[in-house]
Amino acid sequence: MTEIIVVTSGKGGVGKTTTSASLSVGLAKRGKKVAVIDFDVGLRNLDLIMGCERRVVYDFVNVIHGECTLKQALIKDKRYDTLFVLAASQTRDKDALTKEGVETVLNGLREDGFDFVICDSPAGIEKGAALAMYFADQAVVVVNPEVSSVRDSDRILGLLSSKTRKAELGEGAVSQHLLLTRYNPNRVESGDMMSVKDVQEILGIEVIGVIPESEGVLAASNAGVPVILDESSNAGHAYEDAVARLLGESRPLRFIDATKKGLFARIFGS
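The following paragraphs examine the structure supplied in this document. Everything quoted here is computed from the prediction, not taken from an experiment. (Residues numbered from 1 in each chain as written. Predicted model: local features only at pLDDT ≥ 70, side-chain atom pairs only at ≥ 80, totals over all residues. Heavy atoms only, no water.)

**Quick look at the overall build of the protein chain**
Consideration 1: Regarding its fold elements, the protein chain presents 13 helices and eight strands.
Consideration 2: Against the 2.2 N^0.38 benchmark of 18 Å for 270 residues, the protein chain shows a C-alpha radius of gyration of 19 Å, consistent with a compact globule.
Consideration 3: Along the three orthogonal principal directions, the C-alpha set of the protein chain runs to about 70 × 40 × 35 Å.
Consideration 4: A total of 270 residues make up the protein chain; the buried ones form 54% of that total.
Consideration 5: Sequence separation of 24 or more characterises 75% of the internal contacts of the protein chain that already satisfy a separation of 6 or more. (Helix = DSSP H or I, 4+ residues; strand = E, 2+ residues; numbered from the N terminus. Rg over C-alpha atoms; globule rule 2.2 N^0.38 Å. Buried < 20%, exposed > 50% of the residue type's maximum accessible area, 1.4 Å probe, protein only. Contact = heavy atoms within 4.5 Å.)

**Let's talk about the packing of aromatic side chains**
Consideration 1: Within this structure, the stated rule accounts for three aromatic pairs.
Consideration 2: Aromatic side chains Tyr 134 and Phe 135 sit 4.8 Å apart centroid to centroid with 85° between the ring planes, which places their arrangement in the edge-to-face category.
Consideration 3: Among the residues examined, Tyr 134 registers a relative accessible area of 9% and is labelled buried.
Consideration 4: Of the residues examined, Phe 135 reaches a relative accessible area of 4% and is grouped as buried.
Consideration 5: It is Lys 33 that lies over the ring of Phe 114; its NZ or CZ is 4.6 Å from the centre.
Consideration 6: One Lys or Arg, Lys 99, reaches over the ring of Tyr 134 and ends 4.1 Å from the middle of that ring. (Phe/Tyr/Trp six-rings, centres within 6.5 Å; stacked < 30°, edge-to-face > 60°. Lys NZ or Arg CZ within 6 Å of the ring centre and 35° of its normal.)

**Describing the packing of helix α7 (residues 147-162) against helix α10 (residues 196-203)**
Any two packed helices are characterised by how steeply their axes cross, that is the angle between the axes, and by the distance between the axes.
Consideration 1: The N-to-C vectors of α7 and α10 enclose an angle of 35°; their axes lie 10 Å apart at closest approach. Crossing handedness for the pair α7 and α10: right-handed. Across the interface between the two elements, Val 150, Ser 153, Asp 154 and Leu 157 from α7 touch Val 199, Ile 202 and Leu 203 from α10.
Consideration 2: Residue composition of the contact of α7 with α10, by class: five nonpolar, one polar and one charged. (Axes fitted to C-alpha atoms, helices over the stretch in contact; angles between N-to-C directions. Left-handed = near helix turned anticlockwise from the far one by under 90°. Nonpolar A, V, L, I, M, F, W, Y, C, P; charged D, E, K, R; others polar.)

**Section: helix α5 (residues 99-111)**
Consideration 1: Across its 13 residues, α5 extends 18 Å between first and last C-alpha, which sits within 8% of the 18 Å expected from 1.5 Å per residue.
Consideration 2: Residues of α5 that are buried: Gly 101, Val 102, Val 105, Leu 106, Gly 108 and Leu 109. Across the axial projection of α5, the buried residues extend over an arc of 155°, all falling on one side. What points out from α5, more than 90 degrees from its buried face, is the exposed set Glu 100, Thr 104 and Glu 111.
Consideration 3: Looking one or two places after α5, you find Gly 113, whose phi comes out positive at around 80°. (Expected span 1.5 Å × (residues − 1). Arc of directions from axis to C-beta.)

**Quick notes on the pairing of strand β5 (residues 116-120)**
Consideration 1: Where burial is concerned, most of β5 is hidden: five out of the five residues are buried.
Consideration 2: The two faces of β5 match: Phe 116, Ile 118 and Asp 120 on one face and Val 117 and Cys 119 on the other face are all buried.
Consideration 3: Pairing analysis gives five bridges linking strand β1 (residues 3-8) to β5, with the strands arranged parallel. Each bridged residue has a counterpart across the sheet, and for Val 7 the counterpart in β5 is Asp 120.
Consideration 4: Bridge count for strand β2 (residues 34-38) against β5 is five bridges, and the pairing is parallel. Bridging from a neighbouring strand, Val 36 pairs with Ile 118 of β5. (Pairing = 2+ DSSP bridges.)

**Focus: the side chain of Asn 184**
Consideration 1: Turning to its location among the elements, Asn 184 is positioned in the loop between β7 (175-183) and α9 (185-189).
Consideration 2: For Asn 184, the side chain forms a polar contact with the main-chain nitrogen of Asn 186, separated by 3.0 Å.
Consideration 3: The residues touching Asn 184, leaving out its near neighbours within four places in the chain, are Met 193 and Glu 213. (Polar contact = N/O pair within 3.5 Å; in protein donor to acceptor, adjacent residues only side chain to side chain.)

**Focus on the nonpolar core**
Consideration 1: Ile 37, Phe 39, Phe 60, Leu 86, Val 105 and Leu 109 are the most contacted members of the largest nonpolar core, which totals 52 residues.
Consideration 2: Sorting elements by how many residues they give to this core places α7 first, with five residues.
Consideration 3: Not counting chain neighbours up to four residues away, the residues in contact with Phe 39 comprise Phe 60, Leu 97, Val 102, Cys 119, Asp 120, Ser 121, Pro 122, Gly 128, Leu 131 and Ala 132.
Consideration 4: Core analysis: the second largest hydrophobic core is formed by 36 residues, Val 14, Cys 52, Val 56 and Val 85 among them. (Core = buried A, V, L, I, M, F, W, Y, C linked by side-chain atoms within 4.5 Å.)

**Some words on the packing of helix α1 (residues 16-29) against helix α12 (residues 234-246)**
Consideration 1: Two elements in contact, α1 and α12, have axes separated by 9 Å at closest approach and are oriented at 65°. The handedness of the crossing between α1 and α12 is right-handed. Contacts between α1 and α12 involve Thr 18, Thr 19, Ser 22, Leu 23, Gly 26, Leu 27 and Lys 29 from the first element and Tyr 239, Glu 240, Ala 242 and Val 243 from the second.
Consideration 2: Class assignment of the residues belonging to the contact of α1 with α12 gives a composition of five nonpolar, four polar and two charged.

Here it is in structure tokens:
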């Protein structure tokens, strides 16, 4: 049975596309058949992070408008045979997406035996974001540990509880998971950043992952390699943990404790 997971947030620039790429790769590494779809029509960043931007011929909107088949538009990942990317259009506006068209694409992926479909949502509550979450079974809500990001994500949780097909059919809310990005435990300890506990208490959903602040994330994105594949990166290891939890495994949270200062650092304040 195909599981549809939306990766969403209330605020832009929090790491949704990085998360979508890493989750999809992590699931494919575990033998799952995965499609990851870019819903951010007009911008299109997912293919860059996945390293397949030069191979985009047809896109999501082309499929919806019947200008190509779904199989023509899906780009097979060079690293994993069970991973496919459906890019967004850079030349259309967001009205090019329709509920009926999105449903047709998702039904096509179900018929093709995909285990997971990852929907990389635009930020906020505009049409692309609404359609990305409408058909979801689960949601990964990406949040930076700062007040504006948390506040905006609280609005998204309300929409996930009321503006999805599950809600309309009375099947309950979409399963919601919290993923914190750019987490710096030293800044938390100094009072400059919200803690995992703070964010979880405000939003009231389970934490599926805490991704530490890391320069490796940007470097990996620029290289077209999802950071989960960087074995030297703590962020990559944290995404591996998140994938494991998404599949029902129990793993302790890592990278959430501040670095303990040595004796000389405490004495001299550095």
